[in-house]
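Understanding the architecture of this molecule
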There are 2 protein chains.
Amino acid sequence: MRLSTKGRYAVTAMMDLAIHEPKGPVTLAEISRCQSISLSYLEQLFSKLRRENLVRGVRGPGGGYRLAKPADEISIAQIIAAVDEKVDSTCGGDAGCDEGNTCLTHELWCGLSKRIYEFLDGISLKDFLSRPAVQDVIQRQNSASNRPAFPLN
Amino acid sequence: MRLSTKGRYAVTAMMDLAIHEPKGPVTLAEISRCQSISLSYLEQLFSKLRRENLVRGVRGPGGGYRLAKPADEISIAQIIAAVDEKVDSTCGGDAGCDEGNTCLTHELWCGLSKRIYEFLDGISLKDFLSRPAVQDVIQRQNSASNRPAFPLN
DNA sequence: TATAAACCAAGTAAATTAGTCAAGTATTAT
DNA sequence: ATAATACTTGACTAATTTACTTGGTTTATA
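This one's a predicted model, so the numbers in the text were calculated from it and none came from an experiment. (Residues numbered from 1 in each chain as written. Chains lettered and ligands numbered in written order. Predicted model: local features only at pLDDT ≥ 70, side-chain atom pairs only at ≥ 80, totals over all residues. Heavy atoms only, no water.)

1. Some details on the environment of Leu112 of chain A
Here is the rule we go by: Secondary structure elements are taken from DSSP: a helix is a run of H or I of four residues or more, a strand is a run of E of two residues or more, and numbering for both begins at the N terminus. Working definition: with a 1.4 Å probe on protein chains only, accessible area under 20% of the residue-type maximum means buried, over 50% means exposed, and in between means partly exposed. A contact between two residues is defined here by any heavy atoms of the two lying within 4.5 Å.
When you line up the elements, Leu112 of chain A lands in helix H5 (residues 101-121). According to the relative accessible area criterion, Leu112 of chain A is buried, its value standing at 2%. With 82 residues separating them along the chain, Leu112 of chain A and Glu30 of chain A place their C-alpha atoms 37 Å apart. Not counting chain neighbours up to four residues away, the residues in contact with Leu112 of chain A comprise Val11, Ile76, Leu120, Ile123 and Phe128 of chain B.

So this is what it looks like as structure tokens:
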């Protein structure tokens with residue numbers, strides 16, 4: 001488990017999708033504009049998210065991306081794991097330490113790493129949707145058309 | 001909060017210190033050899049750990065590093081925060097999104113980030129010391145002299 | 001058919017991580 | 001005192017990862 005800006009981008013983008021879910025697909029161009037991330041970088045991230053079956057692309061005009069499953073089946077851990085290259089990390093085994101203490105600390109780290117994963121796996125996108133502030137946004141979007149007639153490009 | 005190999009190095013090195021605490025100071029050279037991390041890189045990391053008052057250097061022959069406080073007062077979060085440069089990360093505020101949804105997702109991320117920190121702050125080095133496998137090592141080191149008469153350099 | 005979107009791939013720039021080198025300073029054993 | 005040990009600091013380099021760029025191709029809608 002690894003935690004960097006890359007993972008943050010992916011998670012916030014997924015939150016965006018989750019929030020807009022009732023409204024329909026969200027385009028990467030919108031996310032790019034809103035979150036100030038380059039479009040092509042988003043494309044790369046979403047290509048990985050798609051490969052892990054977390055999002056589904058809808059092609060053509062009016063298309064975009066939406067969640068591939070219900071928000072309560074998508075955990076933060078899944079999102080981060082999807083975009084991070086798995087650097088299998090520890091316990092190469094070739095260290096050759098005096099007393100085997102080496103692999104003891106490695107083992108301890110693995111244990112910690114596992115706990116972090118489990119922690120993040122216990123938090124789903126739906127947990128965010130339940131926040132009052134988010135609910136407000138969803139309400140607003142359902143009640144009125146928010147697409148401006150002349151979108152700024 | 002950020003989680004990378006850098007933080008892992010710091011945490012495993014600190015585990016090492018905690019395990020050897022009863023025996024006395026641990027030299028960076030030993031950690032370098034055992035964990036296959038370059039000595040100078042360790043020096044950089046430990047310089048940061050010392051600045052945050054997590055370790056204490058003992059100079060002169062027979063010297064090394066030891067924990068600056070009891071193992072139950074040092075959390076994983078503290079260690080990782082010490083070696084990571086704080087990239088204050090989110091909510092630059094200059095994005096200028098249509099409906100303020102931007103800062104909503106940022107806010108959600110900040111909430112998550114805080115929860116991760118709290119989680120890691122709830123895990124102390126002492127938690128590792130309580131593991132049976134670690135206790136064995138400490139026992140072995142207390143009972144017999146482990147320093148070889150002719151250390152390999 | 002024109003357009004708006006996802007999709008794809010190769011390459012580049014910037015940032016971070018990791019390691020190296022070198023010249024110190026402090027401490028202790030002898 | 002002196003030498004050995006070990007920490008301290010800074011500047012520099014290489015490798016890796018992150019982020020972005022460019023230039024396309026498909027696909028679906030209108």
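2. Considerations on the packing of aromatic side chains
Our working rule: Pairs were defined over the aromatic rings of Phe, Tyr and Trp, the Trp ring being its six-membered one, requiring ring centres within 6.5 Å. Orientation was assigned from the angle between planes: stacked under 30 degrees, edge-to-face over 60, tilted for the rest.
Following the criterion strictly, the structure yields five aromatic pairs over all chains and no others. For the pair Phe46 of chain A and Tyr65 of chain A, a centre-to-centre distance of 4.8 Å together with 45° between the ring planes defines the contact as tilted. Of this pair, Phe46 of chain A sits in helix H3 (residues 39-51) while Tyr65 of chain A sits in strand E2 (residues 64-67), placing them 19 residues apart in sequence. Look at Tyr65 of chain A and you get buried, because its relative accessible area is 16%. Where Tyr9 of chain B meets Tyr41 of chain B, the ring centres are 6.1 Å apart and the plane angle is 85°; that geometry is what we call edge-to-face. Of this pair, Tyr9 of chain B sits in helix H1 (residues 5-20) while Tyr41 of chain B is found in helix H3 (residues 39-51), placing the two residues 32 residues apart along the sequence.

3. Section: the protein's contact with DNA strand C
How we decide: If even one non-hydrogen atom of a residue comes within 4 Å of a molecule or strand, that residue is called near it. Polar contacts, as counted here, are pairs of nitrogen or oxygen atoms within 3.5 Å of one another; within protein the pair requires one atom able to donate a hydrogen and one able to accept it, and residues that are adjacent in sequence qualify only if both atoms are side-chain atoms.
Taken together, 26 residues lie near DNA strand C, and Tyr65 of chain A together with Thr5, Ser40, Tyr41 and Arg59 of chain B sit nearest. In the model, a phosphate oxygen of DNA strand C is placed 3.2 Å from a nitrogen or oxygen of the Arg50 of chain A side chain. Among the secondary structure elements, those contributing two or more residues to the surface near DNA strand C are H3, strand E1 (55-58) and E2 of chain A together with H1 and H3 of chain B.

4. Quick notes on the pattern of salt bridges
All names here are of chain A. Stated precisely, the cut-off is as follows: What counts as a salt bridge is simple: a side-chain nitrogen of Lys or Arg found within 4 Å of a carboxyl oxygen of Asp or Glu.
The tally for this structure, following the rule as stated, stands at two salt bridges over all chains. With a closest N to O distance of 3.8 Å, Arg66 and Glu21 form a salt bridge. Of this pair, Arg66 sits in strand E2 while Glu21 sits in the loop between helix H1 (5-20) and helix H2 (28-35), and the two are 45 residues apart along the sequence.

Without other data, these values stay purely geometric and don't point to any function.
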